[in-house]
Amino acid sequence: MADASAPRTGRAFAPYPFVPERFPAALPPLRDGVDRSRHRVAIVGAGPVGYCVAIGLAVQGIDSVLIEADDSVCAGSRAICISRRSLEIIDRLGALPGFLATGLPWTGGRSFYREREVLRFTMPNDANQRLPPMLNLAQYHIEQILLERARELSDRIDLRWQTRLTGLEPHADGVRARLATPLGDYALEADWLVATDGGRSVVRESLGLALTGTNYEGRYVIVDVAMPSDRPTERLAFFDPPCNPGSTVLVHKQPQDVWRIDYQLRRDEDAEAAVRPENVLPRVESLLAMIGETAAWAPIWISLYRANALTLERYRHGRVLFAGDAAHLVPIFGVRGANSGIDDADNLAWKLAAVLQGLATDRLLDSYSEERVAAAKENLRHGTKSTEFMAPPSFAFEWMRTAVLGLAVRHESVRSLINPRQTSPIAYTGSSLSRAVESSADFAAGPAPGSVLVEAPLGPRTPSPRAADGHGAYLTQLLGSHFTLLHFSKGGTLPADLGGLDAEMRGLGIRWHTVLIDPGTDDASATLAARYDAANGASYLVRPDGHVLARWRRCAAKDVRLAVARVLDRIGAHGGGG
Amino acid sequence: MNAEDLDTVYTDLCRAMTAVGEAQAPILLARFALLAIVEIADAGRLRRLIAAAAEDLAEATGKRES
């Protein structure tokens, strides 16, 4: 057996083209071994999801302490594809420019069976979009850009490196966390704790909770290589390729000449041997030769992946909230891992902020669990389908896949079965928040309650504070940390009683933005009104996370007041009766 | 039949085959084919489908040296 440090191929490993900054540990002022400040929110785990929760809370005006066991952003090959929906969220968090500057946008891909192309797919993309359907960048880039945003918000985000959670005591009104650092251990108290500490969550273990679902047998080797190439950014899938018969190989381009290659192991292959360079590098070499890449290349990273489809039953356990991989493990295929975690963060941040600001009762956080568990189940359903094709769990799935791939060359009708089912926005259909508010039922188009806004260009006269020049932007740029009331009115006037809502809601401490869209002013506004079936007088009420809460053919201020009161569970408080 | 329905039925068939096991799965497929034949009930179409299933079979599924 060859020594792993001196592979037979003689090919030397290269470093990533990214050098992470290292951060020291620090101790806060202590009293009797306890952090002197009691925190409103402690977030455990500074990965993409932890950062999104911290930044999401900060833009809502809520302070948090973010605890990270490591001394830098992550290393290695992990999440690599960020969806359009995630980019919209990241835009609201104020971190979009860094993503667009670094990432590689793409819209589709090709699949091959043996030597033949059997599928060309494109993700939904049209002239109404401002953001690409998918953006490739490495997780260390994702974390670095979010870290930079968190540092801009350092008066609200207290980031503590090299601080490891070692124990957790849940209480009725908060938590006490035991933390270990190289400088010594201490305890920290917080009103709420958000667990974003990943697939091997210590928080989850501390509470004695377990994920349930399916573990798959199929294994994939993940390899990052450094290689200059002008090849376009797309998803390439090779089934049973001449370079690696019997296997499935995926190829993704990443920024800075890094290529991510995933290939399936045969059932009889030993996992330990499979990740040794002398077994990995020849396969990469023959793949690159097959696709015609002749430039010099070097391996950077090798790891092993096995698909899981697991979730917690509930994401709220008293004062502890779970998000991202700590809450659910979604198969890699279809890129729902980091993307679903970013959606968790987005759903959670405004709700937790509303509870902490005394605007809502803590029942609002039960809706976080309800909506995101339902989303996880849908993600798992799609992810399982993808996995059953990419890593067939039985002889039957393998036979049928062979049938699909062989027939797909001549029979277009079976090709949809090869489509990788990439992540798409999930509607909170049947959410108790949507059900609590009465909407008009007769809309023929536009996003239904629970769905995310459908992107559309705005007319030049629709004011958009977040667009570069204040005008001529896109619909999702109207969103922010606030509720948004989109009111369609020919002639461009707001009915008198809706006109007072901005001031009224802000007076209550509710972040609010009313936007008037006049379908008569220009083509973009007319098209938008038609796509939303929004005749004169119609309104859409949009939650801070971009999901439609309610829509009305005609609404009065009392309808809006009642909707907000119901969602924030403030019936009986101000505005309850309308 | 839309793509989602096709996907669902495809998975149902895979599950049914998995449930009876590898030895019995060919018989299950034969029975399914027979039921599909009487349901489609169009001799010309069925002959074309049989030919399409056989076409390129060796090329599309044959073992190769690894």
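Residues numbered from 1 in each chain as written. Chains lettered and ligands numbered in written order. Predicted model: local features only at pLDDT ≥ 70, side-chain atom pairs only at ≥ 80, totals over all residues. Heavy atoms only, no water.

1. Some remarks on the overall build of chain B
Thought 1: Helix and strand counts for chain B stand at 4 helices and 0 strands.
Thought 2: Along chain B, helices (α) and strands (β) appear in the sequence α-α-α-α when read from the amino end.
Thought 3: Here the C-alpha radius of gyration of chain B, 14 Å, is well above what a compact globule of 66 residues would show, namely 11 Å.
Thought 4: Taken along its principal axes, the extent of the C-alpha atoms in chain B is 40 × 30 × 25 Å.
Thought 5: By the burial criterion, 17% of the 66 residues in chain B qualify as buried.
Thought 6: Within the structure as shown, chain B displays about 5,000 Å² of accessible surface, and the carbon and sulfur contribution to it stands at 61%. (Helix = DSSP H or I, 4+ residues; strand = E, 2+ residues; numbered from the N terminus. Rg over C-alpha atoms; globule rule 2.2 N^0.38 Å. Buried < 20%, exposed > 50% of the residue type's maximum accessible area, 1.4 Å probe, protein only. Areas by Shrake-Rupley, 256 points an atom, 1.4 Å probe, with all protein chains shown as cover.)

2. Some thoughts on the packing of aromatic side chains
Residues and elements named next belong to chain A.
Thought 1: With the rule as written, the count across this model stands at 14 aromatic pairs over all chains.
Thought 2: Residues Trp350 and Phe483 carry aromatic rings whose centres are separated by 5.6 Å and whose planes lie at 80° to one another, so their mutual orientation is edge-to-face. Residue Trp350 is located in helix H8 (residues 337-356), and its partner Phe483 is located in strand E22 (residues 483-488); the two are separated by 133 residues in the primary sequence.
Thought 3: A centroid spacing of 5.0 Å and a plane angle of 70° characterise the contact between Phe395 and Trp399, whose relative ring orientation is edge-to-face. Remark: Trp399 and Phe395 occur in helix H10 (residues 395-408); sequence separation between them is 4 residues, near one turn of the helix.
Thought 4: Classification of Phe395 by relative accessible area gives buried; the value is 14%. (Phe/Tyr/Trp six-rings, centres within 6.5 Å; stacked < 30°, edge-to-face > 60°.)

3. Overview of the sheet that holds E22(A)
Residues and elements named next belong to chain A.
Thought 1: Across the sheet, which stays open at both edges, the 4 strands sit in the order E23-E22-E24-E25 with mixed pairing between neighbours. Looking at strand neighbours, the two that pair on one side only are strand E23 (512-517) and strand E25 (548-552), the edges of this open sheet. Going across the sheet, the axis of each strand differs from the next one's by a mean of 15°, ignoring polarity.
Thought 2: Looking at chain direction, E22 and strand E24 (residues 539-542) are connected through 4 bridges and run antiparallel. Counterpart to Leu486 in the pairing with E24 is Tyr540. (Pairing = 2+ DSSP bridges. Axes fitted to C-alpha atoms, helices over the stretch in contact; angles between N-to-C directions.)

4. Here's the deal with the domain arrangement of chain A
Residues and elements named next belong to chain A.
Thought 1: Assigned domains within chain A: domain 1 (30-103 + 129-211 + 309-387) and domain 2 (432-567).
Thought 2: Placing the centre of domain 1 and that of domain 2 at their C-alpha centroids yields a distance of 29 Å.
Thought 3: Facing the 18 residues of domain 1 at the interface are 23 residues of domain 2.
Thought 4: Here domain 1 and domain 2 share an interface that buries about 1,700 Å² over both sides, 48% of which is from carbon and sulfur atoms.
Thought 5: Together, Arg92, Arg130 and Trp350 form the three largest contributors to the area buried by domain 1 at its contact with domain 2, with a combined 36%. (Domains from an automatic or database assignment. Contact = heavy atoms within 4.5 Å. Buried area = accessible area lost by both parts, 1.4 Å probe.)

5. Examining the layout of surface pockets
Thought 1: Roughly 1,400 Å³ of internal volume is contained in the second largest pocket.
Thought 2: Forming the walls of the second largest pocket are 35 residues, and the residues nearest its centre are Met400(A), Ala403(A), Leu407(A), Phe32(B) and Ala53(B).
Thought 3: Of all the elements in the fold, those that place two or more residues in the lining of the second largest pocket are H10 of chain A together with helix H1 (3-20), helix H2 (25-40), helix H3 (43-54) and helix H4 (57-61) of chain B.
Thought 4: Ranked by residue count, the leading element in the lining of the second largest pocket is H10(A), at 7 residues.
Thought 5: Counted by class, the lining of the second largest pocket contains 26 nonpolar, 5 polar and 4 charged residues. (1 Å grid on protein atoms, 1.4 Å probe; cavity = no way out; pocket = protein on both sides within 12 Å on 5 of 7 lines; lining within 4 Å. Points joined across faces, edges and corners; volume = space filled by probe spheres on them. Nonpolar A, V, L, I, M, F, W, Y, C, P; charged D, E, K, R; others polar.)

6. As for empty space enclosed by the protein
Residue and element names in this part refer to chain A.
Thought 1: With the rule as written, the count across this model stands at 5 cavities of 30 Å³ or more.
Thought 2: Put simply, the largest cavity is a space of about 130 Å³.
Thought 3: What lines the largest cavity is a set of 16 residues, among which Gly56, Arg92, Leu93, Asp346 and Ala349 lie closest to the centre.
Thought 4: Those elements that place two or more of their residues in the lining of the largest cavity are helix H1 (48-59), helix H2 (84-92) and H8.

7. Focus on the pairing of strand E18 (residues 298-311) of chain A
All names here are of chain A.
Thought 1: Taking burial as the measure, the 14 residues of E18 include 11 buried ones, the bulk of the element.
Thought 2: Bridge analysis of strand E14 (residues 212-226) against E18 gives 12 bridges, and the strand direction is antiparallel. Within E18, the position partnered with Tyr220 by the bridge is Tyr305.
Thought 3: The pairing of E18 with strand E21 (residues 328-329) spans 2 bridges and is antiparallel. Pairing of Thr311 across the sheet is with His328, part of E21.

8. Points about the confidence of the model for chain B
Thought 1: Put simply, chain B has an average pLDDT of 92, and 94% of its residues get 70 or more.
Thought 2: Averaged pLDDT values for the elements of chain B fall to 80 in H4(B) and rise to 98 in H2(B). (pLDDT = per-residue confidence, 0-100.)

9. Observations regarding the sheet that holds strand E9 (residues 134-136) of chain A
Residues and elements named next belong to chain A.
Thought 1: In spatial order, the strands read E5-E9-E6; together these 3 strands make up an open sheet with antiparallel pairing. Only two strands of the sheet have a single partner each, and these edge strands are strand E5 (81-83) and strand E6 (104-106). Each neighbouring strand pair of the sheet contributes to a mean axis angle of 30°, computed without reference to strand direction.
Thought 2: In the packing of H2 onto the sheet, contacts are made with E5 and E9, and the angle to E5 comes to roughly 75°.

10. Details of a nonpolar patch on the surface
Residues and elements named next belong to chain B.
Thought 1: Residues Leu34, Leu35, Ile37 and Val38 make up a contiguous nonpolar surface patch of about 400 Å² in total accessible area.
Thought 2: Topologically, Val38 is positioned in helix H2.
Thought 3: What makes Val38 exposed here is its relative accessible area of 57%. (Patch = residues over 30% accessible without salt bridge, like charges linked within 9 Å, V, L, I, M, F, W, Y side chains within 5 Å. Salt bridge = Lys/Arg side-chain N within 4 Å of Asp/Glu carboxyl O.)

11. A look at the interface of chain A and chain B
Put simply, an interface is often sized by how much accessible area is lost when its parts join up.
Thought 1: With 29 residues of chain A in contact, the opposing surface of chain B contributes 27 residues.
Thought 2: Regarding the contact of chain A and chain B, the summed buried area is about 2,300 Å², with carbon and sulfur atoms giving 58% of it.
Thought 3: Considering only the surface of chain A that becomes buried against chain B, Arg114(A), Phe395(A) and Met400(A) emerge as the three largest contributors, covering 25% of it.
Thought 4: At the surface where chain A touches chain B, the tally comes to 5 salt bridges.
Thought 5: Here Glu55(B) ties to Arg410(A) by a salt bridge, and the two come within 3.4 Å at their closest N and O atoms.

12. A short note on the side chain of Gln422(A)
All names here are of chain A.
Thought 1: Mapped onto the elements, Gln422 comes out in the loop between H10 and helix H11 (432-435).
Thought 2: Exposure remark for Gln422: the relative accessible area of 12% places this residue in the buried category.
Thought 3: In this structure, Gln422 is in contact with Trp106, Phe121, Met123, Met134, Arg235, Gly334, Val335 and Arg336, ignoring residues within four places of it in sequence.

13. Brief notes about the packing of helix H9 (residues 363-390) of chain A against H1(B)
Thought 1: Put simply, H9(A) and H1(B) touch, their axes get as near as 12 Å, and they point 60° apart. By the angle between their directions, the pair H9(A) and H1(B) is classed as oblique. As H9(A) runs across H1(B), the sense of the crossing is left-handed. Two secondary-structure elements touch here, H9(A) through Arg381(A), Lys385(A), Glu388(A) and Phe389(A) and H1(B) through Glu4(B), Asp7(B), Thr8(B), Tyr10(B), Thr11(B) and Arg15(B). (Parallel < 35°, antiparallel > 145°, perpendicular 65-115°, else oblique. Left-handed = near helix turned anticlockwise from the far one by under 90°.)

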